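Spelled out, the chains give:
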Amino acid sequence: MTHTYDAALVGFLACLSVCVLLVATKRWHGHLTLDGTDGVQKFHTAPTPRIGGLGLLLGLGAAWYELPSSGQVADLLGPMLLASLPAYTFGTAEDLTKRVGVRERLLATMASGVLAWWITDISITRINVWGVDALLVWVPLSVAFTAFAVGGVANAVNIIDGFNGLASGTLIICYGAIGLIAHQAGDSDLAQICLLLASVTAGFLLVNFPFGKIFLGDGGAYLMGFLLAWVAVLLLARNPSVSAWAPLLACGYPILEVLFSIWRRRKRHLNPGHPDRLHLHSLVKARISRKQLGHWSPVLRNASVSPLMWLFALIPASLSVLFATSTIWLIGGFLVSALVYSIFYSKLIYFGWKLLKFY
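Residues numbered from 1 in each chain as written. Predicted model: local features only at pLDDT ≥ 70, side-chain atom pairs only at ≥ 80, totals over all residues. Heavy atoms only, no water.

Details of the overall build of the chain
Stated formally: The helix count covers DSSP runs of H or I at least four residues long, the strand count covers runs of E at least two residues long, and both are numbered beginning at the N terminus. With the radius of gyration taken over C-alpha atoms, the globule rule is written as 2.2 Å times the number of residues to the power 0.38. Only protein chains enter the calculation, and the probe is 1.4 Å; a residue is then buried if its accessible area is under 20% of its type maximum, exposed if over 50%, and partly exposed in between. Whether two residues are in contact is decided by their heavy atoms, any of which lying within 4.5 Å being enough. For the accessible areas, the method is Shrake-Rupley and the probe is 1.4 Å, while residue cover comes only from the protein chains on display. Charged residues are defined here as Lys and Arg on the positive side and Asp and Glu on the negative side; His and the ends of the chain fall outside this count. Where a charge lies is defined by one atom per residue type, namely NZ (Lys), CZ (Arg), CG (Asp) and CD (Glu).
Assigned secondary structure in the chain consists of 16 helices and two strands. The C-alpha atoms of the chain give a radius of gyration of 19 Å, which matches the 21 Å a tight globule of 359 residues would have. Principal-axis analysis of the C-alpha atoms places the extent of the chain at approximately 50 × 50 × 35 Å. Within the span of the chain, comprising 359 residues, buried residues form 53% of the whole. Of all intrachain contacts in the chain linking residues separated by at least 6 positions in sequence, the fraction that spans at least 24 positions is 73%. Carbon together with sulfur atoms contributes 69% to the accessible area of the chain, which is approximately 15,900 Å² in total. Here the chain contributes 25 positive and 16 negative side-chain charges, whose respective centroids are spaced 17 Å apart.

In structure tokens form, the structure reads like this:
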């Protein structure tokens, strides 16, 4: 375990150093890496480097290098990093060129899921739903479902990447929840992987929050989203006592955001990938931060959204840890989390305490 703590510190410092260096040298690479301020989902006020994913990737590589080469933790982390490269590459290509579509990035992330299965021979074989688990015994279907789930979680992380610290803070909460579940199940190696991932993410967070000196970008969001999805897959594969609903609830906030976004856009007869400013975090900015903190600078008003959303992310994450082995309680926890989301969303958009209409 001491080696893991050392690796976590090395990864944290490496990611932090790379991110600081990228900010300090932006005048040399900014023509390629700066994120402008024009766009429906843009809330920052100055062009900012959006290649934080490079710091995360190098930080994770440094952490892996620091681990004992013959250890189980290194054996788990190495294939994960290798499999993440398609997701990271296509995301970073969008950051640099602004020409890689959502579909291409999503397919690349799904390809990372297939590559991870090919390397490890691990895929999702159960979701604790009667009838479906019997179908997932068939390997092609299991692999396809795994790729779909991996792509969905990574895309969910990208969707919530809207304010300083929002995505990275949420990732730390999700990694922490899965790590605690793994620890409860006696899976020390996976718990240590989650510690490494959270530590490296914290290195990025220090530069990103609250002043937004660097952004995750699509490369960082898809990279860390894929890794979050894969530790969820590993949790189920390595710990039969853990319900399949536990990692789903651990990632509850970004998943709920995706589900509500799809429903909202379908209701308005829009493409599910259509960008808008109607995410919960966007409404928190417009209805709470802007009105209650109007005397703050725009940067700090933007950053103030994240702690509020972290509090919501803690609800499903905490329930996942408390009821990790009970499918019934986890389903109930997911429904409660969705109910809380719905009530607060309606309060912000309709100015009243009521449920959203799902029709």
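Some remarks on the packing of helix H9 (residues 166–184) against helix H15 (residues 298–322)
Definition in use: Throughout, an axis means a line fitted to C-alpha atoms (over the contacting stretch in the case of helices), and angles, computed between N-to-C directions, take values from 0 to 180 degrees. Between 65 and 115 degrees an angle is taken as roughly perpendicular, under 35 as roughly parallel, over 145 as roughly antiparallel, and anywhere else as oblique. In this scheme, a crossing is called left-handed if the near helix is turned counterclockwise away from the far one by less than a right angle; it is called right-handed if the turn is clockwise. Residues are grouped as follows: Ala, Val, Leu, Ile, Met, Phe, Trp, Tyr, Cys and Pro are nonpolar; Asp, Glu, Lys and Arg are charged; every other residue, Gly included, is polar.
H15 packs onto H9 with a crossing angle of 15 degrees between their chain directions and a minimal axis gap of 9 Å. Classified by the interaxial angle, the pair formed by H9 and H15 is roughly parallel. H15 is crossed by H9, and the crossing has right-handed handedness. Taken together, the residues of H15 that come into contact with H9 (itself represented by Leu 166, Gly 169, Thr 170, Ile 173, Ala 177, Leu 180, Ile 181 and Gln 184) are Ser 306, Met 309, Trp 310, Ala 313, Leu 314, Ala 317, Ser 320 and Val 321. Residue composition of the contact of H9 with H15, by class: 11 nonpolar, five polar and no charged.

Some thoughts on the nonpolar core
Convention followed: Working definition of a nonpolar core: buried Ala, Val, Leu, Ile, Met, Phe, Trp, Tyr and Cys residues. They are joined through side-chain atoms within 4.5 Å.
Judged by nonpolar contacts, the single largest core of 96 residues is most densely connected at Tyr 175, Ile 178, Ile 193, Leu 227, Leu 228, Trp 230 and Val 231. Broken down by element, this core gets its largest block of residues, 14 residues, from helix H11 (residues 217–238). When residues no more than four places from it in sequence are discounted, the contact partners of Trp 230 are Met 80, Gly 113, Ala 116, Trp 117, Thr 120, Ile 122, Thr 146 and Val 150.

Looking at the side chain of Asn 164
As a reminder of what qualifies: We define a polar contact as two N or O atoms separated by no more than 3.5 Å, with the added condition that, inside protein, one atom must be a possible hydrogen donor and the other a possible acceptor, whereas residues neighbouring each other in sequence contribute only through side-chain atom pairs.
Position of Asn 164 relative to the elements: it lies in the loop between helix H8 (139–159) and H9. Residue Asn 164 is classed as buried on the basis of its relative accessible area, which comes to 10%. A distance of 2.9 Å separates a polar side-chain atom of Asn 164 from the backbone oxygen of Pro 210. In contact with Asn 164, not counting residues within four places along its chain, are Asn 208, Phe 209, Pro 210, Phe 211, Gly 212, Phe 215, Val 299, Ala 303 and Ser 306.

Focus: the state of the cysteines
Operational definition: Throughout, disulfides are identified as pairs of cysteine sulfur atoms within 2.5 Å of each other.
Counted according to the given criterion, the structure contains zero disulfides. Take Cys 15: it sits in no disulfide, and the sulfur closest to it among the cysteines is that of Cys 19, at 4.1 Å. We classify Cys 15 as buried; its relative accessible area is 0%. The exposure class of Cys 19 is buried, given its relative accessible area of 0%.

Describing the environment of Leu 311
For Leu 311, the location among the structural elements is in helix H15. A relative accessible area of 55% places Leu 311 in the exposed class.

Things to note about the packing of aromatic side chains
So the rule is basically this: Any two rings among Phe, Tyr and Trp, with Trp reduced to its six-membered ring, count as a pair given centres within 6.5 Å; such a pair is stacked if its planes are under 30 degrees apart, edge-to-face if over 60, and tilted if neither. A ring has a charge above it when a Lys NZ or an Arg CZ is no more than 6 Å from the ring centre and no more than 35 degrees off the ring normal.
In total, this model carries nine aromatic pairs according to the counting rule given. For the pair Phe 323 and Trp 329, a centre-to-centre distance of 5.2 Å together with 15 degrees between the ring planes defines the contact as stacked. Take Phe 323: its relative accessible area is 26%, and that puts it in the partly exposed class. With relative accessibility at 55%, the residue Trp 329 sits in the exposed group. Consider the rings of Tyr 341 and Tyr 345, whose centres lie 5.9 Å apart with planes at 15 degrees: the pair is stacked. In this pair, Tyr 341 and Tyr 345 are both assigned in helix H16 (residues 327–350), four residues apart and thus about one turn of the helix distant. Taken as a pair, Tyr 341 and Tyr 345 share a single burial class, namely buried. Grouped by ring-pair contacts, the aromatic residues Tyr 253, Phe 260, Trp 263, Phe 312, Tyr 341 and Tyr 345 constitute a single cluster. Arg 27 extends its terminal NZ or CZ atom over the ring of Trp 28, reaching a point 4.5 Å from the ring centre.

Digging into the layout of surface pockets
Basically, it comes down to this: Residues are called lining when one of their atoms sits within 4 Å of a cavity or pocket point, these points coming from a 1 Å grid over the protein atoms alone, where a cavity is a set in which a 1.4 Å probe fits but cannot get out and a pocket is an open set with protein on both sides within 12 Å along at least five of seven lines. Grid points are joined across faces, edges and corners, and a volume is the space filled by probe spheres set on the points.
Roughly 250 Å³ of internal volume is contained in the second largest pocket. For the second largest pocket, the lining is made up of 14 residues, of which Val 284, Leu 308, Met 309, Phe 312 and Phe 344 are closest to its centre. Mapped by element, the contributors of at least two residues to the lining of the second largest pocket are helix H14 (280–292), H15 and H16.

Some remarks on a nonpolar patch on the surface
Stated formally: Every patch collects residues that have over 30% relative accessible area and no salt bridge, joining them within 9 Å if they carry like charges and within 5 Å if they are nonpolar side chains (Val, Leu, Ile, Met, Phe, Trp, Tyr). Definition used for salt bridges: Asp or Glu carboxyl oxygen within 4 Å of a side-chain nitrogen of Lys or Arg.
A cluster of nonpolar side chains, contributed by Leu 82, Leu 85, Trp 118 and Ile 119, occupies part of the molecular surface with about 410 Å² of accessible area. A relative accessible area of 64% means that Trp 118 is categorised as exposed.

Overview of the pattern of salt bridges
Inspection of the entire model under this criterion finds five salt bridges. The salt bridge involving Arg 50 is made with Asp 95; its shortest N-O contact spans 2.8 Å. Of this pair, Arg 50 sits in the loop between strand E2 (48–49) and helix H3 (52–66) while Asp 95 sits in helix H5 (residues 85–97), and the two are 45 residues apart along the sequence. For Arg 105, the salt bridge goes to Asp 218, with nearest N and O atoms at 2.8 Å. Residue Arg 105 is found in helix H6 (residues 102–120), and its partner Asp 218 is found in helix H11; the two are separated by 113 residues along the sequence. Accessibility expressed as a relative area gives 8% for Arg 105, which makes it buried.

Geometric values such as these leave the question of function open.
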